[in-house]
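# Understanding the architecture of this molecule
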Amino acid sequence: MKRLILATRNAGKITELHAILADAGLDLDLVGADAYPDIPDVKETGVTFAENALLKAHALARATGLPAVADDSGLCVDVLGGAPGIFSARWSGTHGDDEANLNLLLAQLGDIADEHRGAYFACAAALALPDGTERVVEGRLNGVLRHTPSGTNGFGYDPILQPEGETRTCAELTPAEKNAISHRGQAFRALVPVVRELAG
Ligand code: ITT
């Protein structure tokens, strides 16, 4: 079976991509970056989600000799001109402190009325081959930001993003409901024909 590596240590992402590839009839041995612990993490020096996804995918493909997939995602707030964007994971200064990041964003938007609270989750997913071939696809989940967090599912900014057409926040959706509409779900599904063409 052909092996495909996904540039993440997040088990949830591996499960999600695995299910999407299997649904599409692609029988691949999908492994996470943990399968190659000696390979150092890549510095995300790009200024767009696509650049960062490509940086991670190329580094992993070069280091392992395998086709590699990487994603980069974040929350883009209209009234902040698209921020936090690529800085979503460290908006409060500490990488990965979801609660502090969310609380800082809510405080910054404190006086902003409902009609100006548009925002979206964005995701770029890249596939790179060891020979340098690359493709990148994107997904987006539009919504509005609540004034207070609600729900306990998911992670990051899920408790404050209410998707368009929903009455619940992303953190009140089940994982399956969120995957069906999410930026990452869309990007991973858009990657299926690319994987089939280049690595299937
Ligand atoms: P990797 O280990 O795979 O890099 P990550 O969680 O550090 O995963 P992501 O690129 O997936 O990095 O996401 C960056 C930040 O964007 C993440 O820390 C959240 O704050 C936010 N974010 C991205 N996708 C999200 C989602 O589906 N729900 C809530 N917040 C999300």
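Look above for the structure.
In what follows, the accompanying structure is described. Predicted model, so just to flag it, every value in this text is computed and none were measured.

## Focus: the pattern of salt bridges
- Counting across every chain of the model gives 13 salt bridges.
- The salt bridge partner of E172 is R146, with a shortest N-O separation of 3.8 Å. With a gap of 26 residues between them, E172 in the loop between β6 (161–163) and α4 (175–181) and R146 in the loop between β5 (134–145) and β6 connect regions that are remote in the sequence.
- What emerges from the salt-bridge pattern is a single network uniting K13, E16, D71 and R184.

## Topic: the layout of surface pockets
- Volume-wise, the largest pocket comes out at about 970 Å³.
- Around the largest pocket, the lining comprises 37 residues; the ones closest to its centre are K13, E44, K56, D72 and H95.
- Elements supplying a minimum of two residues to the lining of the largest pocket: α2 (49–64), β3 (68–77), α3 (98–108) and α5 (183–198).
- Considering every element that reaches the lining of the largest pocket, the biggest residue donor is β3, with 5 residues.
- Each pocket or cavity is described by its volume, and for the second largest pocket that value is around 260 Å³.

## A few points about the pairing of β5
- Of the pairings in the sheet, the one linking strand β4 (residues 118–128) to β5 comprises 11 bridges and is antiparallel in character. Note on β5: the bridge partner recorded for A125 is V137.
- Turn length for the β4-β5 hairpin, with the two strands adjacent in sequence and antiparallel, is 5 residues, and the turn residue G132 shows positive phi of about 100 degrees.
- Pairing of β5 with β6, which is carried by 3 bridges, proceeds in the antiparallel orientation. Bridge pairing in β6 links G143 to P163.

## Here we look at the side chain of D158
- Positionally, D158 belongs in the loop between β5 and β6.
- Among residues more than four places away in sequence, those in contact with D158 are F121, N153, T169, C170, A171 and K178.

## Looking at the side chain of T64
- The residue T64 is located in helix α2 in this model.
- We classify T64 as buried; its relative accessible area is 18%.
- Setting aside residues no more than four positions away along its own chain, T64 makes contact with I5, Y36 and I39.

## Remarks on the sheet that holds β6
- Taken in spatial order, the 6 strands make up an open sheet running β2-β1-β3-β4-β5-β6, and their pairing is mixed. For this open sheet the edge positions go to β2 (29–32) and β6, each flanked by a neighbour on one side alone. Between one strand axis and the next, the sheet turns by 35 degrees as a mean value, whatever way the strands run.
- Alignment of strand β1 (residues 3–6) against β2, held across 4 bridges, turns out to be parallel. Looking at β2, one finds that R3 is bridged to D29.

Reading the values: the criteria
- Every residue gets a number counted from 1 within its own chain, in the order that chain's sequence is written.
- pLDDT decides what is reported in this predicted model: residues at 70 or higher carry local features, side-chain atom pairs at 80 or more are listed and counted, and totals for whole chains, interfaces and linings draw on all residues regardless.
- To get the side-chain values, all heavy atoms of the structure are used, and hydrogens and water are removed first.
- Salt bridges are identified by distance alone: a Lys or Arg side-chain nitrogen within 4 Å of an Asp or Glu carboxyl oxygen.
- A helix here means a DSSP run of H or I that spans at least four residues, while a strand means a run of E at least two residues long, and both kinds are numbered starting from the N terminus.
- With a 1 Å grid spanning the protein atoms alone, the term cavity applies to any set of points in which a 1.4 Å probe fits but cannot get out, the term pocket to an open set with protein on both sides within 12 Å along at least five of seven lines, and the term lining residue to any residue with an atom within 4 Å of a point.
- Grid points are joined across faces, edges and corners, and a volume is the space filled by probe spheres set on the points.
- For two strands to be treated as a pair, DSSP must find at least two bridges joining them.
- What makes two residues a contact is simply this: any of their non-hydrogen atoms within 4.5 Å.
- The cut-offs for exposure are 20% and 50% of the maximum accessible area for each residue type, with area from a 1.4 Å probe on protein chains only; residues under the lower value are buried, those over the upper are exposed, and the others partly exposed.
- Only the stretch in contact is used when a helix axis is fitted, and all axes are lines through C-alpha atoms; the angle between N-to-C directions ranges over 0 to 180 degrees.

Function cannot be inferred from these measures alone, as they are strictly geometric.
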